[in-house]
Amino acid sequence: MNVAEPTDSTEPEGRIVSQDPGAGRAPGGTTVTITPSNGQGATVPPVTGNPQEAERQLRAAGFTSVTTACTEKDDSPQPTVTGTSPAAGEAVGRGTQITIEYTAKTC
């Protein structure tokens, strides 16, 4: 058995979050690798409103690297958040760059 480096996960530190090969039976002599959580993960929250509000929401959730990406849209009178990358609901490290995607009449 091998123990991999801890990975970002929302699970408590030390809890096993993956194994390779997966669950089931493995032929004799197969090396099984387990990966523990480092407890540093967070789930990207859904964000709404304008980009500044979305950034505040992400920083309040503990994310430290937040950027924006604008797409020009003629019928968008106010800058409006359309999503994030990584998407809401994904578990990532708190230091992962989160990009707020939004539309605006001019970028």
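Here goes a summary of the coordinates provided. (Residues numbered from 1 in each chain as written. Predicted model: local features only at pLDDT ≥ 70, side-chain atom pairs only at ≥ 80, totals over all residues. Heavy atoms only, no water.)

## Thoughts on the overall build of the protein chain
Point 1. From N to C terminus, the protein chain includes one helix and eight strands.
Point 2. Along the chain direction, N to C, the helices and strands of the protein chain fall in the order β-β-β-β-α-β-β-β-β.
Point 3. Computed over C-alpha atoms, the radius of gyration of the protein chain comes to 19 Å, more than 25% over the 13 Å expected from 2.2 N^0.38 for 107 residues, which places it beyond the range of a compact globule.
Point 4. In terms of principal-axis extent, the alpha carbons of the protein chain reach across some 65 × 25 × 15 Å.
Point 5. Per-residue burial for the protein chain yields a buried fraction of 26% across its 107 residues.
Point 6. When contacts within the protein chain are restricted to residue pairs at least 6 apart in sequence, those whose partners lie at least 24 apart make up 65%.
Point 7. Of the roughly 6,700 Å² that the protein chain leaves accessible, carbon and sulfur atoms contribute 46%.
Point 8. The centroid of the 7 positive side-chain charges in the protein chain is displaced by 5 Å from the centroid of its 12 negative side-chain charges. (Helix = DSSP H or I, 4+ residues; strand = E, 2+ residues; numbered from the N terminus. Rg over C-alpha atoms; globule rule 2.2 N^0.38 Å. Buried < 20%, exposed > 50% of the residue type's maximum accessible area, 1.4 Å probe, protein only. Contact = heavy atoms within 4.5 Å. Areas by Shrake-Rupley, 256 points an atom, 1.4 Å probe, with all protein chains shown as cover. Lys, Arg positive; Asp, Glu negative; His and termini not counted. Charge placed at Lys NZ, Arg CZ, Asp CG, Glu CD.)

## Quick notes on the sheet that holds strand S6 (residues 80–85)
Point 1. Across the sheet, which stays open at both edges, the three strands sit in the order S5-S8-S6 with mixed pairing between neighbours. Looking at the sheet topology across the chains shown, the edges are occupied by strand S5 (65–72) and S6. The average undirected angle you get between the axes of adjacent strands in this sheet is 25°.
Point 2. Alignment of S6 against strand S8 (residues 97–104), held across five bridges, turns out to be antiparallel. Across the sheet, glycine 83 pairs through a bridge with glutamate 101, a residue of S8.
Point 3. Contacts from helix H1 (residues 51–60) reach S5, S6 and S8 within the one sheet, and its direction differs from that of S8 by about 160°. (Pairing = 2+ DSSP bridges. Axes fitted to C-alpha atoms, helices over the stretch in contact; angles between N-to-C directions.)

## A few points about the side chain of serine 76
Point 1. Within the secondary structure, serine 76 sits in the loop between S5 and S6.
Point 2. Residue classification places serine 76 among the buried residues on the basis of a relative accessible area of 6%.
Point 3. Not counting residues within four places of it along the chain, the set of residues in contact with serine 76 comprises Thr103, Ala104 and Lys105.

## What to know about H1
Point 1. Listing the buried residues of H1 in full gives Pro51, Ala54 and Leu58. End-on view of H1: buried residues confined to an arc of 60°, all on one side of the axis. Of the exposed residues in H1, the ones pointing more than 90 degrees away from its buried face are Arg56 and Ala60.
Point 2. Close packing links the buried residues of H1 with S5, S6 and S8. (Arc of directions from axis to C-beta.)

## Focus: the environment of glutamine 57
Point 1. Along the chain, glutamine 57 falls in helix H1.
Point 2. For glutamine 57, the residues in contact, after removing those within four places along its chain, are Pro46, Val47 and Thr48.

## As for the sheet that holds strand S2 (residues 16–20)
Point 1. Strand order in the open sheet formed by three strands is S1-S3-S2, and the pairing between neighbours is mixed. Either end of the sheet is taken by a strand with one partner, and the two such strands are strand S1 (2–3) and S2.
Point 2. The pairing of S1 with strand S3 (residues 33–36) spans two bridges and is classified as parallel. Within S3, the residue paired with asparagine 2 across the bridge is threonine 33.

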